[in-house]
Amino acid sequence: MIGYQNIIDNIAKAAKKNKDKGKIASYIPELASIDINKFGIHLIDADNNNFSTGDALEGFSIQSVSKVLSLAHSFGLVGNDLWKRIDVEPSGDPFNHLSLLELENGIPRNPFINAGAIVVADILVSHLKNPKKDFLNFVQKLANDKTIRYNEKVALSEKKTGFRNYAAANLLKSYGNLINDVDTVLDFYFHQCALEMNCKQLASAFFIFMNHGKCQRGKSYLNINQVKRINALMLTCGFYDEAGEFAFEVGLPGKSGVGGGIVALLPNTYCIATWSPGLNPKGNSKLGMAALEELTTRTGHSIF
Ligand code: DON
């Protein structure tokens, strides 16, 4: 058996000592005060064994990591109709970039750039009776944890400063690719990004993507084909204009968030969540990426 505990403990030890931890995201003011020294990892293997190190049980703002969960929920609800409104190509641009959206007539390049995730949010607002409550319930069920909550302060902080997201939503609306009104969709989107979860809860919620759509308790949420597609999107688009670098260094499908979280998975083998709030210039966790590179190098396993 691979010594996951030993590997992640060593990675955490080296990360604590590393002086160059990147920069905390400050464009959402509420995120700016997080302690840059936080570092956690949680890994769950295919037999449900759990391995934890550092601050793995401390909650943080999952931000764009939530886009995979909202995509999973909407894909389960509307199936392939989703792809009439969102493309599946990497953008090669930062997550909040807008010019491609205009050039491509309001069809976002993929569901993980902000414009794409806003269309996914629009679909959930259309199909869920109580969108915020029902989505939270979906995430709690995936993670098998009823304590997961939205951080209202973070949601409000982003609402007050989310000018680019308002621009994206208005552009989508002008092309007829947003059904509900801009404020309603963005209120949902800001809440989804403001979900507060720890590494263990995130690794649990992402278990379905390494386990053919079945959660830890065996319930099926997505079919094998849908899981294949979501994992392909994580690999090609999960890190925006750094997706190539992540595939090159780490070799796993994954998703980052500006709260410093990353979740990645090796199908049929494990899923792992890392948290280190300092970001690199592309908005992805600096030490989280380094930790995952170290993991796939030390174990010798990646999807390649
Ligand atoms: O919409 C935003 O800008 C944030 N709520 C989420 C961005 C994010 O996490 C990008 N990922 N690295």
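Note that this is a predicted model, so its numbers are computed, not measured.

Caption draft 1: Examining the side chain of S91 more closely. Examined against the element boundaries, S91 turns out to sit in the loop between α2 (66-78) and α3 (99-103). Excluding its chain neighbours within four sequence positions, the residues that come into contact with S91 are L100, R109, N110 and I113.

Caption draft 2: Spatial organisation of the packing of aromatic side chains. The full count for this structure, using the stated rule, is 13 aromatic pairs. Summarising the aromatic geometry, the rings of Y4 and Y270 are spaced 5.6 Å apart at their centres and angled 75° between planes, so their arrangement reads as edge-to-face. With Y4 in helix α1 (residues 4-17) and Y270 in strand β8 (residues 270-275), the pair connects residues that are 266 residues apart, well separated along the chain. For Y4, a relative accessible area of 6% corresponds to the buried category. Of the residues examined, Y270 reaches a relative accessible area of 1% and is grouped as buried. Between Y27 and F95 the ring centres are 6.1 Å apart and the planes differ by 40°, which places this aromatic pair in the tilted class.

Caption draft 3: View of the environment of Y166. Here Y166 lies in helix α7 (residues 163-174). For the pair formed by Y166 and L222, sequence separation is 56 residues and the distance between their alpha carbons is 31 Å.

Caption draft 4: Here's a closer look at the site of the ligand. Close to the ligand lie 15 residues; Y27, Q63, S64, E158 and Y189 are nearest. The contact in question runs from a nitrogen atom of the ligand to an N or O atom on the side chain of E158, over 2.8 Å. Take Y189: an N or O atom from its side chain is 2.6 Å from an oxygen atom of the ligand. Against a free-state accessible area of 350 Å², the protein chains account for coverage of 99% of the ligand. Its residues assigned to classes, the shell around the ligand shows six nonpolar, eight polar and one charged.

Caption draft 5: Representation of the pairing of strand β1 (residues 40-45). Taking burial as the measure, the six residues of β1 include six buried ones, the bulk of the element. Residues G40, H42 and I44 line one face of β1 and the alternating positions I41, L43 and D45 line the opposite face, and both faces are buried. As paired elements, β1 and strand β2 (residues 50-54) share five bridges and run antiparallel to each other. Within the sheet, the bridge partner assigned to G40 lies in β2 and is G54. What sits between the antiparallel neighbours β1 and β2 is a turn of four residues, in which N48 has the positive phi angle 70°. Across six bridges, β1 lies against β8 in antiparallel orientation. Bridged to I44 within β8 is C271.

Thresholds, definitions, all that
- Residues numbered from 1 in each chain as written.
- Predicted model: local features only at pLDDT ≥ 70, side-chain atom pairs only at ≥ 80, totals over all residues.
- Heavy atoms only, no water.
- Helix = DSSP H or I, 4+ residues; strand = E, 2+ residues; numbered from the N terminus.
- Contact = heavy atoms within 4.5 Å.
- Phe/Tyr/Trp six-rings, centres within 6.5 Å; stacked < 30°, edge-to-face > 60°.
- Buried < 20%, exposed > 50% of the residue type's maximum accessible area, 1.4 Å probe, protein only.
- Near = heavy atom within 4 Å.
- Polar contact = N/O pair within 3.5 Å; in protein donor to acceptor, adjacent residues only side chain to side chain.
- Areas by Shrake-Rupley, 256 points an atom, 1.4 Å probe, with all protein chains shown as cover.
- Nonpolar A, V, L, I, M, F, W, Y, C, P; charged D, E, K, R; others polar.
- Pairing = 2+ DSSP bridges.

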